[in-house]
Amino acid sequence: MDIENLNGLLRPKSVAVIGASATPGKIGHTVLLNLKESNYQGGIYPINPNEQEILGFKCYQSVLDVNEPIDAAIVTIPAKFVMDTVDQCGKKGIKGLIIITSGFSEVGQVELEKELVAKARGYGMRVLGPNIVGVLSNSDNFNGSFAPFLPFNGKGSLVSQSGALLIGIDAATYMRGIGFDKLISIGNMSDVDFADTIEWLDQDENTSCISLYIEGFKDGRRTIEVSRKAKKPIVALKSGVSAHGAAAAASHTGSLAGAAKIYKSAFTQAGIIQAEDLDNLFDRTLALSQQPPLKGENILILTNGGGVGVLGTDAAEKYGIPLKFAPEDVQAELKKHMPDFGSAKNPVDLTGMAGNDWYFETVNFSHGHKWVDGLVVLYCETAMTDPMGIAKAIKDGVDKSGKTDKPVTVSFVGGERSEKAMHWLVENGIPAFAAPDKALNAMAALREYQLIRETANNEPFVYDKADRNKALEIITKARQDNRTSLTEIEAKEVFKAYGLPVTQIRLSTSEEEAVNFAKEIGYPIVMKIVSPDILHKSDAGGVKVNIKDEQGVRDAYKEIMKNAKAYKADANIHGIVIQEMAPWGTEVILGSVNDPTFGPTVMFGLGGIFVEVLKDVTFKVAPFSKHQALGMMSEIKAAPILSGVRGEKPRDREVLAETICLYANMIMDLKDEISESDANPVLVYEEGKGLKVADARIILKKKQ
């Protein structure tokens, strides 16, 4: 039902305009005029009880008066009248509602919006919006919106949360010569959301790349899953990543914008390419919609100017695909098509003497050579050459190489003639840009797509020996005591139930008991206060380390108790932990939050006191594969420390990756119980010697 109804909503064979108006300037008039001027071939039925005819179309008092079937209804009437219209559309058997009307959750009318969706779904209808511009589709000649015209035609399709931005993009497609088949406005996402549109566009034969403008997700986890399964590239621009921007996005759409780092990681897990800004969204969409992914790391730059070649080299390194010198056999062939003062190394400088023939020969040879994985062709306009001739030489060279699985991007630097030549290239399937760095960034997007798709579908690590009942028993007892957090010893027991290697630990309630436990565990030991009212034990002077004998235990016991009472006189003190003192290791932190957008999310970074100072952390949405856990280690700036620097041996990354996965399994399995948690520090030893979780903290979710 959903796919059929989404077809009716996004590719309707007939449409009613509810609130069609005879008054120019009103949205109901603009939508009807746009349908007419876009040459839409389906049935068009204006609904207005006060008019007989508008723009040559017969008007109807209600959709129920139309004798023909109707797929979609575009609703432009005020919010207070929408509910009655939903009933009429439902009785008519309409498949979907495109609700342009504002005045719902974006202005605080959350319950009204929920009622609207519930009523529509009761009839089996899907809802796009409210608070949207509409739907535009070149392949269907359908401009069901109040945007001015159908976009410049292309192979990408864009889904935008912002209606105003979608209108701006619509006009900008003609200025840039970068087109889209479809523009879909989703506004409040009361029903149809990003996940729905991604699923649908992935099956659309007229879409080769899916582009997203995102302010926030309603169901981030489902969007990740749908995107992971998509067969087409997806590129996204996420706004609201600054603190101020996040607040603006929430007030504008009624949806929460998650933290920038969490979104970035979620995109990677989902196989989504991220765009830096609006320009970059256009550029990356163009490349991903027209070219295959870059399957290797050997790119060759061809140019007729040293300056743009150097700019290209800088950009290649900046975007993660640094250049290598071409092999000798490649250089030998390329030297045949340049003067003696040219360079065949990489970038290949054909010099300003290069004309159509040299460009054709070098492109044809390079694109066909087995060493070359991708080709970037740069051109500076000269008085001796015709940009259109160069463009056609590049296209002919690519075509005659016979290779269709290698990407090509182009940049022309010049005036109006170069602009026209680049438009011609784009229209003929080769992405072209006005600056070398843009061509290299586009190539980098094709490489990113290849790399993230290789890992996006990795199956998550699963730990099947967890003692969930043990963990729930500990949590239940804490709740019965009206506590919102576990003690360290309880938290470690929960960690242990999920296979995490925690340090030995005992809870002493007297000095004598502390001495006995210390002997049992063996010196040296660590002693720490245990109180639900003192979460940061070091701040309270509640931690003593490297205690080596009985007298040290007795002295530490007294001092910790004294410090804890001075820190918080009414603290509920359960006792003092006696813990084995694990050998020194590299300190890392594992943390978790129950993100409002994506749910259980794992944090990883350098541990101990440094995490709050350096904030060198990365995130991943749980669960994930061991390969992705290993990837987290390379994402932090301190990654070389784990690999071994200045004579230090590499740390046990394999065991650390498995521990991160165990931790992810725990927070996923206990997502209804745990709000936040961390293991800090986790002491990681050299390869083959594993690690120890030295401290643990768990904050419980508040029950409604």
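Here, every reference points to the structure presented above.
Residues numbered from 1 in each chain as written. Predicted model: local features only at pLDDT ≥ 70, side-chain atom pairs only at ≥ 80, totals over all residues. Heavy atoms only, no water.

## Re the sheet that holds strand β19 (residues 432-433)
The five strands are arranged β16-β15-β17-β18-β19 in an open sheet whose pairing can be described as parallel. Where the open sheet ends on each side, the last strands, each with one partner, are β16 (348-349) and β19. As paired strands, strand β18 (residues 408-413) and β19 are joined by two bridges and run parallel to one another. Within β19, the position partnered with V410 by the bridge is A432. Relative to strand β15 (residues 299-303), helix α11 (residues 306-318) is tilted by about 160 degrees, and along the sheet it contacts β15, β16, β17 (374-380) and β18. (Pairing = 2+ DSSP bridges. Helix = DSSP H or I, 4+ residues; strand = E, 2+ residues; numbered from the N terminus. Contact = heavy atoms within 4.5 Å. Axes fitted to C-alpha atoms, helices over the stretch in contact; angles between N-to-C directions.)

## A word on the environment of K261
Following the sequence through the fold, K261 ends up in helix α9 (residues 260-270). Spatially, the C-alpha atoms of K261 and V617 are 8.9 Å apart, while their sequence positions differ by 356 residues. Residue contacts for K261: discarding those within four places in its chain leaves K615, V617 and F619. A polar contact is formed between the side chain of K261 and the backbone oxygen of V617, at a distance of 3.1 Å. (Polar contact = N/O pair within 3.5 Å; in protein donor to acceptor, adjacent residues only side chain to side chain.)

## A look at the packing of helix α5 (residues 163-176) against helix α10 (residues 278-290)
The geometry of α5 relative to α10 is characterised by a closest axis approach of 12 Å and an angle of 60 degrees between their N-to-C directions. Compared by their axis directions, α5 and α10 come out oblique. Seen from above, α5 lies across α10 with right-handed handedness. Taking contact as the criterion, the partners of L165, I169, A172, T173 and R176 in α5 are, on α10, L278, D279 and F282. (Parallel < 35°, antiparallel > 145°, perpendicular 65-115°, else oblique. Left-handed = near helix turned anticlockwise from the far one by under 90°.)

## With respect to the side chain of S162
Positionally, S162 belongs in the loop between β10 (156-160) and α5. For S162, a relative accessible area of 10% gives the class buried. Only 3.1 Å separates the side chain of S162 from the backbone nitrogen of L165, close enough to count as a polar contact. Aside from chain neighbours lying at most four places away, what touches S162 is Y213 and E215. (Buried < 20%, exposed > 50% of the residue type's maximum accessible area, 1.4 Å probe, protein only.)

## Quick look at unusual backbone geometry
Cis rather than trans, the peptide bond between N346 and P347 has omega equal to 10 degrees. At the junction of N680 and P681, the peptide bond is cis and its omega measures out at 5 degrees in the coordinates. The residue P681 is located in strand β27 (residues 674-684) in this model. Its identity as a non-glycine residue notwithstanding, N39 has a phi of 65 degrees, on the positive side. Within the secondary structure, N39 is located in the loop between α2 (27-37) and β2 (43-47). For N39, a relative accessible area of 47% puts it in the partly exposed group.

## So, the pattern of salt bridges
All chains considered together, the criterion is met by 51 salt bridges. A salt bridge links R11 to D140; its shortest N-O distance comes to 3.4 Å. Placement of R11 in the loop between α1 (2-10) and β1 (14-18) and of D140 in the loop between β8 (134-137) and β9 (142-145) is noted, with a sequence separation of 129 residues between them. The residue D678 makes a salt bridge to R697 at a minimum N-O spacing of 3.1 Å. Of this pair, D678 sits in strand β27 while R697 sits in strand β29 (residues 696-700), and the two are 19 residues apart along the sequence. In terms of burial, D678 and R697 fall into one category: buried. (Salt bridge = Lys/Arg side-chain N within 4 Å of Asp/Glu carboxyl O.)

## Digging into the packing of aromatic side chains
According to the stated counting rule, one finds 13 aromatic pairs in the structure shown. Plain terms: the ring middles of F180 and F282 are 5.9 Å apart, the flat faces sit at 70 degrees to each other, and that makes the pair edge-to-face. A residue pair is termed long-range when its members are at least 10 positions apart, and F180 in strand β11 (residues 180-185) and F282 in helix α10 qualify at 102 residues. Here F180 matches F282 in class, with each residue buried. A ring pair is formed by F217 and F598, whose centres lie 6.0 Å apart and whose planes are at 80 degrees; its orientation type is edge-to-face. Placement of the pair is F217 in the loop between β12 (209-214) and α7 (220-229) and F598 in the loop between β24 (586-595) and β25 (599-606), with a sequence separation of 381 residues. Across this residue pair, the class does not change: F217 and F598 are buried. A connected cluster of aromatic rings, assembled from ring pairs, spans F194, F217, Y263, F267 and F598. In this arrangement the basic side chain of R176 is found over the ring face of F282, its NZ or CZ atom lying 4.3 Å from the centre. Over the face of the ring belonging to Y263 we find K238, whose NZ or CZ atom lies 4.6 Å from the ring centre. (Phe/Tyr/Trp six-rings, centres within 6.5 Å; stacked < 30°, edge-to-face > 60°. Lys NZ or Arg CZ within 6 Å of the ring centre and 35° of its normal.)

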